[in-house]
Amino acid sequence: TDGYQKLPGGLIIQWGQVGSVTRTVNFPIPFPTACLVAASAVTGTSGAAATWSQLRVTFTSTQITGGASGDSFMYIALGY
């Protein structure tokens, strides 16, 4: 399930699952300043890593190392 948590010091943690490797993902809420995103495949190639460009509101996955285009993945984003 997608979700987020705002911590008292201003850190925001967001997470979710995406059903395709090459896809633009909207965060549950926008990050006010910036974020870092990490992801891992949950179907197909287990444990594959993703790389992508990210913005404060969305990110686009561009590569799953060893994964296939139909693999789904889970992500976590940390930002402020």
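All of these numbers come straight from a predicted model, not from anything done at the bench.

The rules behind these values
- Residues numbered from 1 in each chain as written.
- Predicted model: local features only at pLDDT ≥ 70, side-chain atom pairs only at ≥ 80, totals over all residues.
- Heavy atoms only, no water.
- Helix = DSSP H or I, 4+ residues; strand = E, 2+ residues; numbered from the N terminus.
- Contact = heavy atoms within 4.5 Å.
- Buried < 20%, exposed > 50% of the residue type's maximum accessible area, 1.4 Å probe, protein only.

Enquirer: Before we move on, can you summarise the environment of Phe27 with the specific residues and values?
Expert: Tracing the backbone shows Phe27 in the loop between strand 3 (24-26) and strand 4 (35-41). Between the alpha carbons of Phe27 and Arg56 there is a distance of 8.2 Å; along the sequence they are 29 residues apart. Those residues within four positions of Phe27 in sequence are excluded, and the remaining contacts are Gln14, Cys35, Val37, Leu55, Arg56, Val57, Thr58, Phe59, Tyr75 and Ala77.

Enquirer: Help me get a handle on the environment of Thr24, residues and values and all.
Expert: If you trace the backbone, Thr24 turns up in strand 3. Given a relative accessible area of 47%, Thr24 falls into the partly exposed group. Each C-alpha atom, one on Thr24 and one on Thr60, is 4.2 Å from the other, the two residues being 36 residues apart in sequence. If near-sequence neighbours (up to four positions away) are discounted, Thr24 is found in contact with Thr58, Phe59 and Thr60.

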